[in-house]
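The chain contents come next:
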Amino acid sequence: MVVGGEGCCPTMDLLRSEPMQLVQLIIPMESAHRTISYLGDLGLFQFKDLNVEKSPFQRTYATQTKRCGEMARKLRFLKEQMTKAGFTPSTRTTMGSNINLDELEVKLGELEAELAEMNTNTEKLQHSYNELLEYKLVLQKAGEFFHSAQNSATDQQKEVEEHAHGERSIDSPLLLEQEPFADPSKQVKLGFVSGLVAREKSMAFERFLFRATRGNVFLKQVVVENTVTDPVSGTEVEKNVFVIFYSGERAKNKILKICDAFGANRYPFTDDIGKQYEMITEVSGKLSELKTTVDVGQLHWANLLQTIGYEFDQWNLLVKKEKFIYHTLNMLSIDVTKKCLVGEGWCPVYATSQIQNQLHRATLDSNSQVGAIFQVLHTTELPPTYFRTNKFTSAFQEIVDAYGVAKYQEVNPGVFTIVTFPFLFAVMFGDWGHGICLLLATLYFIFWEKKLSSQKLGDIMEMTFGGRYVIIMMALFSIYTGFIYNEFFSVPFEIFGRSAYGCRDPSCRDATTIGLIKVRDAYPFGVDPKWHGTRSELPFLNSLKMKMSILLGVAQMNLGIILSYFNGKFFKNDVNVWHQFVPQMIFLNSLFGYLSLLIIVKWCTGSQADLYHVMIYMFLSPTDDLGENQLFIGQKYLQLLLVSLALVAVPWMLFPKPFFLKKQHEERHRGQLYAMLDNTDDSFELETHDHSHGHEEFEFSEVFVHQLIHTIEFVLGAVSNTASYLRLWALSLAHSELSSVFYDKVLLLAMGFNNIIILVIGIVVFIFATVGVLLVMETLSAFLHALRLHWVEFQNKFYEGDGYKFSPFSFGLISEDED
């Protein structure tokens, strides 16, 4: 089949993917950029890469792409600066701020240079400011130490003067290493080092100094009350001011190396008290000046970033669009004349006129003398798959696409999933009280969807918001099945009328042991409320839900096989239609279709026949009389016919197809099946059939083994898939029993104590248990089981899902985090 042109089938919405066509565009160089831009706004054309053999650096617009990448880097730098300042890009843009790419490139360069210079200057000023702060602390703390030592030395000096002649200076009492009556000519002057060290390192710092100098130092440390900003790292650190006294250059060198090793910041200090006050005054003045300078710089930096924030989103979008455009232009090939670009790609047939209008518009706006050429190509290549969805159907389509993207024009399970998925969920979740809670929660997302869609939500909330229309359908169906089960938080109500059953005596003492009697017509809709809480409740609900699960499973599997027929008819594969579809339908309905018929007949007639016995002895003893298990006249002969058909269907699926394919292969190579290239139907048929075989020799043994595996898989799968649908029954009973336990053992138990505190506690526990277990965990469990039933039991009957999605060039697909 030639894909494209007028030969495509009409649009079938979600059931079949949109008819696609392969198109060639011949675009003049002067209008190429504008043409691609307009096509990006339209978002209905998927370009093919015609330069696959070329590296990114060898392509025509590699320079422009690199240029846009550099501008994107500068924008990331600006965004980092705004984040650092606590600003977010404003959605409000300045009026009349249209700017082209060249102007933006210059502006971004200037802004980056200005901000980089401001950051460098601020870092230097901040570093100086932090150093001066530490220096001031050293002057204050060490000065206090020297001042206290000066006062204590005055008394010592008086004692010395009584025993010795001459005067001695007491300006630096800590720096004189001498005996009280020593000769002044032999006095030794001690040196000292002062600074700050991290408090967590202070003990190790002291021990290391003591060991390295063998105890020939005197260390004095003073705790700084508040944290200090370290000039090197810029982090807040708790520190101690230290003063180390030593004697000799050798000791000094060791001390300096140890200070550097421990990251201790050293600052000069004088032992002259007068000079200390002068230095403190000088440092305080410099700190005040630096503080003013830093604050002014920070204010200018913040104002500049705030101005950038008003334009940032517009600039960012422009750069992303330009990069996207040049990336697409690099996928086009240049004609040898160097005057035009040639591109190929896929587009929906319905978009032909829209694309041509955009091409014409680009020609006029770029003042090009030659217009772009739009030409449909004939090809046997499999087109991409494109479904037009809306905000309601998109979530259901995503459920199908998560399994696999439909092949072009393959029957789309998404159409049926819109109904079957929420309904199967509701069969497992059925409780109209829980359904109402789920509905109210979903209505919140739908009511505020415009506001929530523009916000960043968490992963779980984002997933929940995206599937809001799936959840609301699940809630509505749950309310419906809840009415059928007659359960409102596990409590039955007489909503549609009075119960058909009554007690045997006024006291109703034997209602749960002997049972009830029918006193009026049947309850009009759903399960009779009297069935709840009686001795017959569990067997009845077990039987109802189990048989309903089988009916739903058989119906959905039959639908899957029927859809495989429609896929086969589209791809003109009569082999699959007559050697798979027909025997599969016969086999499935001879067994489980018949079981479904028996269930319906038993419901209608009220028979007490044992269906397990009927189905087992249908194969073990097909000729025996049915006795009390006979539901209708001629049942025995019908069963013999169905068993025979089931036995015939298995070899029918296995043997004819390999021989038919072998005959078809031989006829093709004799020329009987060749067709003209312009025969749109047959060419695609041959392409799809030869996709796996190509021109290799036909291997009959491989085809036979493959068909044998497929047959065994279907026969065993028909049994296992039917059993798998019993999860509908199991989860429905589990949900009902859990709800009943929470109601009886929590809420009713709390009410029985006649204590308001216990009642409040019971209500709180009941609410949390209901929300946490039944509305969250059970919802997720039922959702996953419904997903499995669709992916495995339903879709494997007809759905291959080996196509690829239509990914058009569209500016609407530019993500916020894309570089």
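Small disclaimer: the values here were computed from a predicted structure and weren't measured.

A. Representation of the pairing of strand β12 (residues 340-348) within the structure. Counted residue by residue, β12 has nine buried out of nine residues, so it is predominantly covered. By the alternation rule, side chains of β12 split into Cys340, Val342, Glu344, Trp346 and Pro348 and Leu341, Gly343, Gly345 and Cys347, which are all buried. Across nine bridges, strand β1 (residues 20-28) lies against β12 in antiparallel orientation. Each bridged residue has a counterpart across the sheet, and for Gln24 the counterpart in β12 is Glu344. Of the strand pairs in this sheet, strand β2 (residues 46-47) and β12 are connected by two bridges, and their pairing is antiparallel. Residue pairing for β12: Phe47 is matched across the bridge by Gly345. Alignment of strand β11 (residues 333-334) against β12, held across two bridges, turns out to be antiparallel. Residue Ser333 lies in a different strand from β12, and its bridge partner there is Val342.

B. Inspection of unusual backbone geometry at higher detail. Positioned with a positive phi, Phe489 is a non-glycine residue whose angle comes to about 55°. If you trace the backbone, Phe489 turns up in the loop between α13 (468-485) and β14 (501-502). One non-glycine residue, Asn754, lies in the positive phi region at around 55°. Looking at where Asn754 falls in the secondary structure, it is placed in the loop between α21 (727-751) and α22 (756-794).

C. How the structure looks around the packing of helix α2 (residues 62-85) against helix α6 (residues 273-329). Close contact between α2 and α6 brings their axes to 9 Å; oriented N to C, the two are set at 150°. Classified by the angle between their axes, α2 and α6 sit roughly antiparallel to one another. The chirality of how α2 crosses α6 is left-handed. Contacts from Gln64, Thr65, Cys68, Met71, Ala72, Leu75, Leu78, Lys79, Gln81, Met82, Lys84 and Ala85 in α2 reach Trp301, Leu305, Ile308, Gly309, Phe312, Trp315, Asn316, Val319, Glu322, Lys323, Tyr326 and His327 in α6. Among the residues forming the contact of α2 with α6, the class breakdown is 14 nonpolar, six polar and four charged.

D. Layout of the pattern of salt bridges. As enumerated under the stated definition, the model contains 20 salt bridges in all. A salt bridge links Lys48 to Glu381, with the shortest nitrogen-to-oxygen separation between them at 3.1 Å. Taken together, the residues Lys48 in the loop between β2 and α2 and Glu381 in the loop between β13 (373-377) and α8 (393-403) connect sequence positions 333 residues apart. Given a relative accessible area of 33%, Glu381 falls into the partly exposed group. Here Glu105 and Arg67 are joined by a salt bridge, their closest N and O atoms 2.9 Å apart. Pair noted here: Glu105 is in helix α3 (residues 101-163) and Arg67 is in helix α2, with a separation of 38 residues, a long-range link. A relative accessible area of 28% means that Glu105 is categorised as partly exposed.

How each quantity is defined
- Residues numbered from 1 in each chain as written.
- Predicted model: local features only at pLDDT ≥ 70, side-chain atom pairs only at ≥ 80, totals over all residues.
- Heavy atoms only, no water.
- Buried < 20%, exposed > 50% of the residue type's maximum accessible area, 1.4 Å probe, protein only.
- Helix = DSSP H or I, 4+ residues; strand = E, 2+ residues; numbered from the N terminus.
- Pairing = 2+ DSSP bridges.
- Axes fitted to C-alpha atoms, helices over the stretch in contact; angles between N-to-C directions.
- Parallel < 35°, antiparallel > 145°, perpendicular 65-115°, else oblique.
- Left-handed = near helix turned anticlockwise from the far one by under 90°.
- Contact = heavy atoms within 4.5 Å.
- Nonpolar A, V, L, I, M, F, W, Y, C, P; charged D, E, K, R; others polar.
- Salt bridge = Lys/Arg side-chain N within 4 Å of Asp/Glu carboxyl O.

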